[in-house]
Amino acid sequence: MLNDFTSSALIGHAITINLAGLLVKKGVVSPAEMHDVFDDSLLLLESWQKAFPDNDAAFGEARDFLEPFVRFYGQTND
């Protein structure tokens with residue numbers, strides 16, 4: 001299993017998730033819109049994986065990271 005714990009990856013994860021939550025909290029985007037952002041990101045990963053099939057482990061980890069946020073923002077979280 002590939003683990004990407006580089007400082008840049010961790011910084012990117014932390015900023016992205018905190019920014020997503022802040023945008024919803026401030027009402028800039030709705031929970032449903034944020035759900036769409038994360039869901040569309042999963043679709044983008046799928047298309048990238050087709051282009052780079054030798055990196056299945058990294059794409060699997062990325063999906064594992066994003067899927068909880070798709071579920072979370074798919075609920076009513078006002």
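Because the structure is predicted, anything quoted here is derived from the model rather than measured.

Some details on helix α2 (residues 31–51)
Then step 1. Taking 1.5 Å per residue as the helical rise, α2 with its 21 residues ought to reach 30 Å, and the 31 Å between its terminal C-alpha atoms agrees with that figure.
Then step 2. Next to the buried residues of α2 lie α1 (7–25) and α3 (56–74).

Some remarks on the side chain of Q49
Then step 1. Along the polypeptide, Q49 turns up in helix α2.
Then step 2. There is a polar contact of 2.9 Å between the side chain of Q49 and the side chain of R63.
Then step 3. Apart from the residues lying within four places of it in its own chain, the contact partners of Q49 are D56, F59 and R63.

A word on the nonpolar core
Then step 1. Within the largest apolar cluster, 10 residues are counted, these being A20, V24, M34, F38, L42, L45, F59, L66, V70 and Y73.
Then step 2. Counting only elements with at least two residues in this core, the list comes to α1, α2 and α3.
Then step 3. Ignoring anything within four residues of it in the chain, the contact list for L45 reads F59, A62, R63 and L66.

Here's the deal with α1
Then step 1. Between its first and last C-alpha atoms α1 spans 27 Å; for 19 residues at 1.5 Å apiece the expected length is 27 Å, and the two agree.
Then step 2. Burial in α1 covers these residues: A9, A20 and V24. Buried positions in α1, seen along its axis, are confined to an arc of 25° and lie on one side of it. In α1, the exposed residues that point more than 90 degrees away from the buried face are S7, S8, I15, N18 and K25.
Then step 3. In the core, the buried residues of α1 are packed alongside α2 and α3.
Then step 4. Two residues or fewer past α1, G27 is found with a positive phi of approximately 80°.

Remarks on the packing of α1 against α2
Then step 1. Where α1 meets α2, the closest approach of the two axes is 9 Å, and the angle between their N-to-C directions is 155°. Considering the angle they form, α1 stands roughly antiparallel to α2. As α1 packs across α2, the resulting crossing turns out to be right-handed. Of the residues in α2, those in contact with I17, A20, L23 and V24 of α1 are P31, M34 and F38.
Then step 2. Class assignment for the residues of the contact of α1 with α2 results in 7 nonpolar, no polar and no charged.

A short note on the environment of M34
Then step 1. With respect to the helices and strands, the residue M34 is situated in helix α2.
Then step 2. For the pair M34 and Y73, spaced 39 residues apart in sequence, the C-alpha to C-alpha distance is 6.3 Å.

The rules we used
- Residues numbered from 1 in each chain as written.
- Predicted model: local features only at pLDDT ≥ 70, side-chain atom pairs only at ≥ 80, totals over all residues.
- Heavy atoms only, no water.
- Helix = DSSP H or I, 4+ residues; strand = E, 2+ residues; numbered from the N terminus.
- Expected span 1.5 Å × (residues − 1).
- Contact = heavy atoms within 4.5 Å.
- Polar contact = N/O pair within 3.5 Å; in protein donor to acceptor, adjacent residues only side chain to side chain.
- Core = buried A, V, L, I, M, F, W, Y, C linked by side-chain atoms within 4.5 Å.
- Buried < 20%, exposed > 50% of the residue type's maximum accessible area, 1.4 Å probe, protein only.
- Arc of directions from axis to C-beta.
- Axes fitted to C-alpha atoms, helices over the stretch in contact; angles between N-to-C directions.
- Parallel < 35°, antiparallel > 145°, perpendicular 65-115°, else oblique.
- Left-handed = near helix turned anticlockwise from the far one by under 90°.
- Nonpolar A, V, L, I, M, F, W, Y, C, P; charged D, E, K, R; others polar.

Read these as geometric descriptors, not functional statements.
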